[in-house]
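Secondary and tertiary structure notes
The lines below spell out each chain.
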Amino acid sequence: FPVSESEGAVEVALDVGFRHIDNAHLYGNEKEVGRAIQKKMADGTIKRNDVFYTGKLWSIFHKTELVEPNVRQSLETLQLDDMDLFLIHWPMSLQAGGDYIPMDENGKILLDMSTDLCAIWEAMEKCKDAGLVKSIGVSNFNRRQLEKILNKPGLKHKPVLNQVECHPYLNQSKLLDYCKSKDILLAGYNVLGSHRHKIWVDQNSPVLLEDPVLVEIAKKYDKTPAHIAIRYQIQRGVVPIAKSYNPERIKENFKVFDFELTPGEMQSIDGMNRNLRYTDLKP
């Protein structure tokens, strides 16, 4: 993550009109993102209530006693009184006390099998009750993992959102239907097919924005394939998270509110699904 570019990118995004900032402790840029928000509040571009800030609990903080201190640490770094939304970043737990991605001498990720998702959720609920976060949710959860939380005895606050990889090659239609049936919002990352970072992404995977279906529809509306991919998510009720550090691209990505895809075009994009994950973290 290019931390040094984060502050400028957030400033540009807020100037353009973006109001949802999706971030995470893991990304290591809370200080820079917080500074950009403070700067834009100081110059009158935004008020705190205009911005919807999402943070995430990384997998080495899955001990119940670590959850609230992690939230408080993030808030202090961000210079914010609270977060609008706080998510469990991944359902898997990693061994605490060392690196962000702890590994053994053979390069195998060290999981912590002793943690209980329901216990972590109760610690998340306490953060909400303490006023540190306004809403709580999850990320990268499948239906079974969501049901574990939803069916938890004594559930106080249910997850309001599940953030998962979602794009035309992985449209998550079954999970989307399930979340809608439970009144849980689905947010999508990699909506443009990912940044193709060598660490996370198979370099032989197809480039989403070169797909002829998106290219063809984009021509019709005098838009880019990225516009079509973002608009597709908006129309199906998915919150699209488009990541960019490029000022021109950030401005471009916002131009999705002046056209609408037809039911036939939505169906064509649905037909692109091939259950392809760009971000596939295998322990």
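Overview of the structure. (Residues numbered from 1 in each chain as written. Predicted model: local features only at pLDDT ≥ 70, side-chain atom pairs only at ≥ 80, totals over all residues. Heavy atoms only, no water.)

Bringing the overall build of the protein chain into the picture now. A tally of helices and strands in the protein chain yields ten helices and seven strands. Here the protein chain has a C-alpha radius of gyration of 19 Å; the compact-globule value for 283 residues is 19 Å, and the two agree. Of the contacts formed within the protein chain by residues at least 6 apart in sequence, a portion of 74% connects residues at least 24 apart. Taken as a whole, the protein chain presents about 13,900 Å² of accessible surface, with 51% of it coming from carbon and sulfur. Here the protein chain holds 37 positive side-chain charges and 39 negative ones, and the gap between their average locations is 3 Å. (Helix = DSSP H or I, 4+ residues; strand = E, 2+ residues; numbered from the N terminus. Rg over C-alpha atoms; globule rule 2.2 N^0.38 Å. Contact = heavy atoms within 4.5 Å. Areas by Shrake-Rupley, 256 points an atom, 1.4 Å probe, with all protein chains shown as cover. Lys, Arg positive; Asp, Glu negative; His and termini not counted. Charge placed at Lys NZ, Arg CZ, Asp CG, Glu CD.)

With that out of the way, let us pick up the packing of aromatic side chains. Ring pairs (aromatic) are described by centroid distance and by the angle formed between their planes. If you walk through the whole model with that rule in mind, you get three aromatic pairs. On the numbers, 4.9 Å between centres and 65° between planes, the contact of Phe 18 with Phe 254 is edge-to-face. Here Phe 18 is found in the loop between helix H1 (3–16) and strand E1 (20–22), whereas its partner Phe 254 is found in the loop between helix H9 (247–253) and helix H10 (263–270), with 236 residues between them in sequence. Phe 254 sits in the partly exposed class, given a relative accessible area of 26%. An angle of 70° between the planes, with centres 5.4 Å apart, marks the rings of Phe 254 and Phe 257 as edge-to-face. Among the aromatic side chains, those forming a connected cluster through ring pairs are Phe 18, Phe 254 and Phe 257. Lying over the aromatic face of Phe 259, Arg 231 brings its terminal NZ or CZ to 6.0 Å of the ring centre. (Phe/Tyr/Trp six-rings, centres within 6.5 Å; stacked < 30°, edge-to-face > 60°. Buried < 20%, exposed > 50% of the residue type's maximum accessible area, 1.4 Å probe, protein only. Lys NZ or Arg CZ within 6 Å of the ring centre and 35° of its normal.)

Turning our eyes to something else, we now look at the pattern of salt bridges. Where side chains of opposite charge bring their charged atoms close, a pairing between them can arise. Counting across every chain of the model gives 18 salt bridges. Residue Asp 112 is joined to Lys 63 by a salt bridge in which the shortest nitrogen-to-oxygen separation is 3.0 Å. With a gap of 49 residues between them, Asp 112 in the loop between strand E3 (83–88) and helix H4 (117–129) and Lys 63 in the loop between strand E2 (52–57) and helix H3 (64–78) connect regions that are remote in the sequence. With its nearest N and O atoms 2.8 Å apart, the salt bridge here joins Lys 152 to Glu 122. (Salt bridge = Lys/Arg side-chain N within 4 Å of Asp/Glu carboxyl O.)

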